[in-house]
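What follows is each chain in one-letter form.
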Amino acid sequence: MLKNFLEKINAYLWRAPDGAEEEYSAIAEETCADVHIDLWESSCLGKYHTLYNEETLKVLSAYAEAGLCIKNSSQPPDFLGYETEFLLILLANSRCKALADFWQKHYRPFLLKVADQIEGKLPQGVYAALFNECKNELELIDKEIADLAAENSKEQLKGNFYHFSILTTAEREKLFTPQIIRTSGRGNCGGKCVIYAHMVAGCIIKLTSETEENCEKMEITDQFGNKVSPQIPRKTPALTACI
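Worth saying up front: this structure is predicted, and the values here are computed from it rather than measured.

On to the pattern of salt bridges, then. Evaluation of the coordinates by the stated rule reveals eight salt bridges. A salt bridge links Glu65 to Arg172, with the nearest nitrogen and oxygen atoms 3.4 Å apart. Separated by 107 residues along the polypeptide, Glu65 in helix α4 (residues 54-65) and Arg172 in helix α8 (residues 169-175) bring together distant segments of the chain. Look at Arg172 and you get partly exposed, because its relative accessible area is 35%. Asp147 is the salt-bridge partner of Lys143, the closest N and O atoms lying 3.4 Å from each other. Of the two residues, Lys143 and Asp147 are both situated in helix α7 (residues 126-148); the distance of four residues between them amounts to about one turn of the helix. Ionic contacts of the salt-bridge type, sharing partners, join the residues Asp116, Glu119 and Lys135 into one network.

See below:
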């Protein structure tokens, strides 16, 4: 049941079913001004509804823990389609403990929120019917996953991965090496104060301002990964208001 459940969701996220092309376009491509569905976990469940935040990092860490990383990326890594494919890979490889953990911490609450959003915006559509059916099956799926959780293979992942690839140790170390990137505010107050984005795996985990104290301790790069020196013409106050 779980396999069919995930495969159906996966199919509907990547391609419009017959007769639902306009609905798919509104949901997946945002072609309708009145319809916005958060198909990314960070935006859907996060406090500030932003992409590439700490929620995204948790999803990337779960992929990496299973030995996988995203390839052929056309979406942020916490896109519902990627998360669905990830669960299918875990299921096919009997990684049931990891599957159960990801299901409870990420996928289940994410799926429920998306289902509610679709029902609210397109209540009579094909997608509302699909996600309502999924909601009705959740208790049975929960029981199946609980029964599977005792089985857990530790063998190398196998299969034909479409959006994922095997993550090597070197790639993992590079991906999760923290970076500090120098950027600036938008200048609405009359100046362009320097702001440092602290990033891991492409996700912003903290913002800090430019002061002599913190710049002495930071290894800073530009957006291309080139090392740069902090520019401190004078002592600047912490950007409490801006950040």
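Read on for the rest.
So, about the environment of Asp18. Structurally, Asp18 is set in the loop between α1 (2-14) and α2 (21-28). C-alpha separation for the pair Asp18 and Val126, spaced 108 residues apart in sequence, amounts to 9.8 Å.

The contact between α2 and α7 brings their axes to 9 Å, and the two run at 70 degrees. As judged from the angle between their axes, α2 and α7 are roughly perpendicular. For the pair α2 and α7, the contacting residues are Glu23, Tyr24 and Ile27 in the first and Val126, Tyr127 and Ala128 in the second. In terms of residue class, the contact of α2 with α7 is built from five nonpolar, no polar and one charged.

Attention shifts here to the pairing of strand β4 (residues 194-200). For β4, a buried count of six out of seven residues is recorded, marking the element as mostly surrounded by other parts of the structure. Judged from the six bridges that link them, strand β3 (residues 179-184) and β4 form a sheet pairing that is antiparallel. Each bridged residue has a counterpart across the sheet, and for Ile181 the counterpart in β4 is Ala197. Bridge count between β4 and strand β5 (residues 203-209): six bridges; the pairing is antiparallel. Residue Val200 lies in a different strand from β5, and its bridge partner there is Cys203. The turn joining β4 and β5, which pair antiparallel and follow one another in sequence, is formed by two residues; a positive phi near 55 degrees is taken by Ala201.

Of the residues making up α2, those classed as buried are Glu23, Tyr24, Ser25, Ala26 and Ile27. The inward-facing, buried residues of α2 abut α1, α6 (96-121) and α7. Positive backbone phi, approximately 55 degrees, marks Glu30, located one or two places after α2.

What follows concerns the nonpolar core. Formed by 58 residues in total, the largest nonpolar core has its most connected members in Phe5, Tyr63, Tyr107, Val114, Phe131 and Phe164. Sorting the residues of this core by element identifies α1, α2, α4, β1 (68-70), α5 (80-92), α6 and α7 as the ones contributing at least two each. Element by element, the count of residues in this core is highest for α6, at eleven residues. Among all residues touching Phe164, those that are not within four sequence positions of it are Tyr63, Leu68, Cys69, Ile70, Lys71, Tyr82, Glu85, Phe86 and Ile89.

Calculation rules
Residues numbered from 1 in each chain as written. Predicted model: local features only at pLDDT ≥ 70, side-chain atom pairs only at ≥ 80, totals over all residues. Heavy atoms only, no water. Salt bridge = Lys/Arg side-chain N within 4 Å of Asp/Glu carboxyl O. Helix = DSSP H or I, 4+ residues; strand = E, 2+ residues; numbered from the N terminus. Buried < 20%, exposed > 50% of the residue type's maximum accessible area, 1.4 Å probe, protein only. Axes fitted to C-alpha atoms, helices over the stretch in contact; angles between N-to-C directions. Parallel < 35°, antiparallel > 145°, perpendicular 65-115°, else oblique. Contact = heavy atoms within 4.5 Å. Nonpolar A, V, L, I, M, F, W, Y, C, P; charged D, E, K, R; others polar. Pairing = 2+ DSSP bridges. Core = buried A, V, L, I, M, F, W, Y, C linked by side-chain atoms within 4.5 Å.

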